[in-house]
Amino acid sequence: MPPSPCALCKVNRALILRPKDHSKLCRPCFLSTFEAEIHHTITSSRLFERGERIAIGASGGKDSTVLASVLKTLNERYDYGVELILLSIDEGIRGYRDDSLETVKRNAQQYGMPLEILGYDELYGWTMDQVVEQVGKRGNCTYCGVFRRQALDRGAAKLGVKHVVTGHNADDVAETVLMNLLRGDLPRLSRTTSIVTSTPSLSADGAGKNTNIKRSKPLKYTYEKEIVLYAHHKNLDYFSTECIYSPEAFRGSARALIKNLERVRPSAILDVVRSGEDMAKLVPGSDEGCGGVCASAVPAGEEEEGGCGSANGRSSGGEMATMEDQLSQNEAAKANGLEVEITSSKIKKSEAPLPLTVGKSRKVPKASQPRKEPKKQVMGQCKKCGYLSSQEICKACVLLEGLNKNRPKNHIEVGYEQEKDVNGATEAMKQLDVGAG
Amino acid sequence: MPGKTNTDMADQPCRRCKETAAVLVVRKEPLCRDCFIRYVHTKVIKHMESFRVRNADPNHQRKLLLALSFGASSVSLLHILDEIRKRQASKTGRTGFTLSVIYVESEGQIPDQDLLARVPEAYPDYEFDYKVPHWVFNMVPENDKLLDLVPPEARNFSSDGKLMSLLKSLNSVTARADVISTLRTRLVVEHAKASGCEGILWGDSTTRLAEKTLAETAKGRGFSLPWHVADGQSPFGIAFNYPLGDLLKKELVSYVNVVGDHLPSLVLESAPTQASMSSKNTTIDDLMKQYFESVEENFPSIVSNVVRTTGKLEATSTTTATPRCDLCSMPVSDGRFGINGWGGDQHARLDTVGTSNGTQLCYGCTRSIPQQSATTNGST
């Protein structure tokens, strides 16, 4: 095939096949199109305000690195007049964050942005390594995801920042749409599709100072593959590794599906995002109709999206199996509930005593088990930490309570560790002796 | 495969009647033949509540159109409904409804005359019609905007030629499959109206509905999902009903074999859904079919949960005045036609509504039939 010219400038040789629409572009045209599209998203959704201080949730991964670089470029080029800050969360996973945090530190220098690193240990008294030691690898991503969500807000509050931008891209959003369809979670589907999530109504009383944080996703319509290409062609310094604890789950399943869809029809990712936005308007009791502008719109607090920097699963690999069990139990209970109803009406007719119901009554309470219904969540504040929550106590505090309850166990383990340490120490002393001898 | 479970079931009694030996396990319950058949029928009857004898006008037999594809699901549906009617007749001396059956040929699946003849033979009480997808062009009203989608040079062609040239103008197998299936739906609707049916019974299983949910989501038709999976009045002005909506595909395959008799001989063996190595020959529908075949294997409740969840979406209220998509005929509120003019459209073009030739396609249909003004944005 003869070299084809760039579809835009028609001058340079096309070097890049755009993942989004398969158009052939040269390097400069690709870079400027990529930037222009994000600029378009920012301006058309009115994400930023002049004079705003904005924290970029930075993990050192490709998404947040590209986000930081593009925002710096655009802020200078189009004079948004915003102040950009990098905010990193250290989950305390040895070997995972050490290197990525180094990357963020370099980014901070490269882009001339202030950097704040907040550790889970500072915020919660637990590093993820300690959590995993306690709860095992199953389910640990839940802790990580719940903690991170608050961590970014707490970090932002600490910096006096009211707006956090995250690197969620179109693939992440599409994945979340499919994942929530698979999980049957319509409220979350409707929340996670909006480009801005915020809780302005909670700012009134002082206790909510953590929660009054606006979040947005400037890369919501940007393809992951293009982010990688941009990072590559701009020679951006990013760190790529998957979280060592992240296993396959619902998200993994949805992710594989999205990748296959993209192969069959490149526009599919964007099409799923569009479907998600349209479906959000059809969720009963959703506020989406107002376009996310009205005061009660889209609480961010318990929204869960790509938990980890790698946007892989937050929950254990058995997540689908667990849900399958739950659902089939619900179905069985429902069927049994119906059976009881029918027998009792029959009984009424024949005026027989109640012999059969005894055996089945054991199962009856199951029928009233809370089933997942798309009910409107009433957002309030956690009584313990004041963070936005639909429950009395927020998820993080519940999880922490569980962890702390089990701390004594941990002490025993520490005792065991100490033994080891003693051995180590004696060995060290022996060596000392040798050295002295 | 249904046979797989039979072996280790031999000595288990049926969980329901506790008498007969179980022949298969259904959602963790070992069931005997009779209890399994009753289980399937009960699930169907639940969707047919409004067609009970007591709801029927003695002077007017309600006629419903059953869309048959010769797959295990729709063949089962025909059989079950026939059984239900027989029982209604024997109990009350009359029936709550009657059926009309239509088969619309699908691509690469031309049943032999023998098979076609077997349906009226086995179910002589019902009208049986056989149609080819392109006939839809002759069946819609003359001024229907659907005809404007045919490339201008083919407007005078026969219906076959119209379809051929329309398909030829499309750029992918996904687009072609999507357009054909949309045309099939419209053909069935036109036929139902023309033959005086008051509703259409679709043979979609839970599994198929879940596939459809995700496939339509992936094609950008999230806005019209509530109309694709739930029983009730459709935007076509005719009721849609999914009597198999609570049964898994594998349960219906089992049903055909458990009932035996003439049923297996009516099922057209469909080629196993093979992962085509080339993404060029794979459609979004294929992809979802494969996906849910595997999910159904280990997580059947998740499959039904997808359908139940989608059923909770509330269709936007529409009137006859709400503009429709020229292809799929779904109401598009706020005139959000085409693929431009939303957050994900990065081109900030102004020509958002309608196109130069006056056709109006919804987002999903525009992906399949790119319009003149949109050709530079998106697919090549």
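Computed from a predicted model, the values in this text were never measured in an experiment. (Residues numbered from 1 in each chain as written. Chains lettered and ligands numbered in written order. Predicted model: local features only at pLDDT ≥ 70, side-chain atom pairs only at ≥ 80, totals over all residues. Heavy atoms only, no water.)

Within chain B, the secondary structure is distributed over 14 helices and 8 strands. By residue count, 56% of the 380 residues in chain B fall in the buried class. Considering only contacts within chain B whose residues lie at least 6 apart along the sequence, 68% involve residues at least 24 apart. (Helix = DSSP H or I, 4+ residues; strand = E, 2+ residues; numbered from the N terminus. Buried < 20%, exposed > 50% of the residue type's maximum accessible area, 1.4 Å probe, protein only. Contact = heavy atoms within 4.5 Å.)

Counting its secondary structure elements, chain A contains 16 helices and 10 strands. Every one of the 437 residues in chain A was classed for burial, and the buried ones make up 55%. Accessible surface, chain A: about 20,000 Å² in total, of which carbon and sulfur atoms supply 54%. (Areas by Shrake-Rupley, 256 points an atom, 1.4 Å probe, with all protein chains shown as cover.)

With that out of the way, let us pick up the sheet that holds strand β5 (residues 127-131) of chain B. Residue and element names in this part refer to chain B. Read across the sheet, 6 strands follow the order β5-β4-β3-β6-β8-β7 without closing on themselves; strand pairing throughout is mixed. Because the sheet does not close on itself, it has two edges, and the strands there are β5 and β7 (232-233). Relative to strand β4 (residues 98-104), strand β3 (residues 63-68) runs parallel, the two sharing 6 bridges. Bridged to leucine 64 within β4 is leucine 99. Together, β3, β4 and β5 form the strand contacts of helix α4 (residues 113-122), whose direction differs from that of β5 by roughly 160°. Sitting on the sheet, helix α7 (residues 173-194) touches β3, β4, β5, β6 (199-201) and β8 (239-241), and the angle it makes with β4 is about 145°. (Pairing = 2+ DSSP bridges. Axes fitted to C-alpha atoms, helices over the stretch in contact; angles between N-to-C directions.)

Moving on: helix α7 (residues 170-183) of chain A. Structural remark: α-helix, 3.6 residues per turn; residues separated by three or four positions point the same way. All names here are of chain A. The terminal C-alpha atoms of α7, which comprises 14 residues, lie 20 Å apart, in line with the 20 Å expected from a rise of 1.5 Å per residue. Judged by how many residues are buried, α7 sits mostly within the fold: 14 of 14 residues are covered. In this structure asparagine 169 caps α7, since a side-chain oxygen of it lies 3.0 Å from the backbone nitrogen of aspartate 171. A positive backbone phi angle near 70° is found at glycine 184, which sits one or two residues after α7. (Expected span 1.5 Å × (residues − 1). Polar contact = N/O pair within 3.5 Å; in protein donor to acceptor, adjacent residues only side chain to side chain.)

Charged atoms that come close allow side chains of opposite charge to pair. Scanning the model with the defined rule gives 42 salt bridges over all chains in all. Asp63(A) serves as the salt-bridge partner of Lys62(A), at 3.2 Å between the closest nitrogen and oxygen. Like Asp63(A), Lys62(A) is buried. Note that Asp285(B) is salt-bridged to Lys219(B), the shortest N-O span being 3.1 Å. Placement of Asp285(B) in helix α12 (residues 284-298) and of Lys219(B) in the loop between α8 (206-218) and α9 (226-229) is noted, with a sequence separation of 66 residues between them. A relative accessible area of 1% places Lys219(B) in the buried class. Each of Lys62(A), Asp63(A), Asp171(A), Glu175(A), Glu224(A), Arg255(A) and Lys259(A) takes part in a single network of salt bridges with overlapping partners. (Salt bridge = Lys/Arg side-chain N within 4 Å of Asp/Glu carboxyl O.)

Now for the interface of chain A and chain B. At the interface, 50 residues of chain A touch 52 residues of chain B. Summing both sides of the interface, chain A and chain B together bury roughly 4,500 Å²; the carbon and sulfur share of this comes to 60%. A per-residue breakdown of the area chain A buries against chain B is headed by Arg265(A), Arg274(A) and Leu282(A), which together make up 18% of the total. Between chain A and chain B we count 2 salt bridges in total. The salt bridge involving Asp325(A) is made with Lys28(B); its shortest N-O contact spans 3.4 Å. (Buried area = accessible area lost by both parts, 1.4 Å probe.)

Residue and element names in this part refer to chain A. Counting buried residues in strand β3 (residues 53-57) gives 4 out of 5 residues, a clear majority hidden from the surface. Here 5 bridges tie β3 to strand β4 (residues 83-90), and the two strands are oriented parallel to one another. The residue bridging arginine 53 from the neighbouring strand is glutamate 83, located in β4. Handedness of the β-α-β unit built from β3, helix α2 (residues 62-78) and β4 comes out right-handed. Relative to strand β6 (residues 163-165), β3 is paired through 3 bridges, and the arrangement is parallel. (Right-handed = clockwise from strand over helix to strand, strands pointing away.)

What follows concerns the side chain of His228(B). Here His228(B) shows up in helix α9. Contacts of His228(B), omitting those with residues within four sequence positions, involve Leu209(B), Lys212(B), Glu216(B), Tyr242(B) and Met330(B).

We describe a pair of aromatic rings using the distance from one ring centre to the other and the angle between the two ring planes. This model, assessed by the stated rule, comprises 16 aromatic pairs over all chains. Judged by centre distance (5.2 Å) and plane angle (80°), the rings of Tyr291(B) and Phe292(B) are edge-to-face. On the accessibility criterion, Phe292(B) (0% relative accessible area) is buried. Of the aromatic side chains, those joined through ring pairs into one cluster are Phe30(A), Phe34(A) and Tyr230(A). Note that Arg274(A) overlies the ring of Trp342(B), its terminal NZ or CZ placed 5.3 Å from the centroid. (Phe/Tyr/Trp six-rings, centres within 6.5 Å; stacked < 30°, edge-to-face > 60°. Lys NZ or Arg CZ within 6 Å of the ring centre and 35° of its normal.)

Below, the discussion takes up the sheet that holds β6(A). Across a sheet, paired strands are connected by hydrogen bonds in the backbone, their directions being either parallel or antiparallel. Residue and element names in this part refer to chain A. Read across the sheet, 6 strands follow the order β5-β4-β3-β6-β8-β7 without closing on themselves; strand pairing throughout is mixed. Lying at the two open borders of the sheet, with one neighbouring strand each, are β5 (115-119) and β7 (196-197). The pairing of β6 with strand β8 (residues 214-216) spans 3 bridges and is classified as parallel. Each bridged residue has a counterpart across the sheet, and for valine 165 the counterpart in β8 is serine 216. Relative to the sheet, α2 contacts β3, β4 and β6, its axis offset from that of β3 by approximately 155°. Running over the sheet, helix α6 (residues 140-159) touches β3, β4, β5, β6 and β8 and is turned about 135° from β4.

Pairs of packed helices are described in terms of their axes, by the angle between the two and the distance that separates them. Residue and element names in this part refer to chain B. At their nearest, the axes of helix α2 (residues 33-47) and helix α3 (residues 72-92) sit 11 Å apart, and the two run at 80° to each other. On the basis of their axis angle, the class for α2 and α3 is roughly perpendicular. Residues Val40, His41, Val44 and Ile45 of α2 form the contact with α3, whose participating residues are Leu77, Ile80, Leu81, Glu83, Ile84 and Arg87. (Parallel < 35°, antiparallel > 145°, perpendicular 65-115°, else oblique.)

As a further point, take the packing of α7(A) against helix α13 (residues 300-311) of chain B. Following both chains from N to C, one finds α7(A) and α13(B) inclined at 105°, their axes separated by 7 Å at the closest point. The angle between the axes of α7(A) and α13(B) places the two elements in the roughly perpendicular class. Contacts from Leu181(A), Leu182(A) and Arg183(A) of α7(A) reach α13(B) at Ile302(B), Asn305(B), Val306(B) and Thr310(B). Here the contact of α7(A) with α13(B) is built from residues that sort into 4 nonpolar, 2 polar and 1 charged. (Nonpolar A, V, L, I, M, F, W, Y, C, P; charged D, E, K, R; others polar.)

A few words now on unusual backbone geometry. Glycine aside, residues mostly have negative phi angles, and peptide bonds mostly take the trans form. All names here are of chain B. Positive phi values are uncommon outside glycine, yet arginine 27 reaches one of about 45°. Tracing the backbone shows arginine 27 in the loop between β1 (24-26) and β2 (29-31). A residue is classified by how much of its surface remains accessible, and arginine 27, at 26% relative accessible area, is partly exposed. Its identity is not glycine, yet phenylalanine 70 carries a phi of approximately 65°, on the positive side. With respect to the helices and strands, the residue phenylalanine 70 is situated in the loop between β3 and α3. The class for phenylalanine 70 is buried, based on a relative accessible area of 1%.

Moving on to the confidence of the model for chain A. Residues and elements named next belong to chain A. Scored by pLDDT, chain A has a mean of 75; 69% of the residues are at 70 or more. Ranking the elements of chain A by mean pLDDT puts helix α13 (residues 357-361) last with 39 and α2 first with 95. In the predicted structure, residues 200-208 sits below a pLDDT of 50 and forms 14 contacts with residues beyond four places in sequence or in another chain. Counting contacts from residues 409-422, a segment whose pLDDT is below 50, to residues more than four positions away or on other chains yields 4 contacts. (pLDDT = per-residue confidence, 0-100.)

Inspection of the secondary structure puts Asp278(A) in helix α11 (residues 268-280). Taking relative accessible area as the criterion, Asp278(A) reaches 6% and is therefore assigned buried. Beyond its immediate sequence surroundings of up to four residues, Asp278(A) is in contact with Gly222(B), Phe223(B) and Arg336(B).

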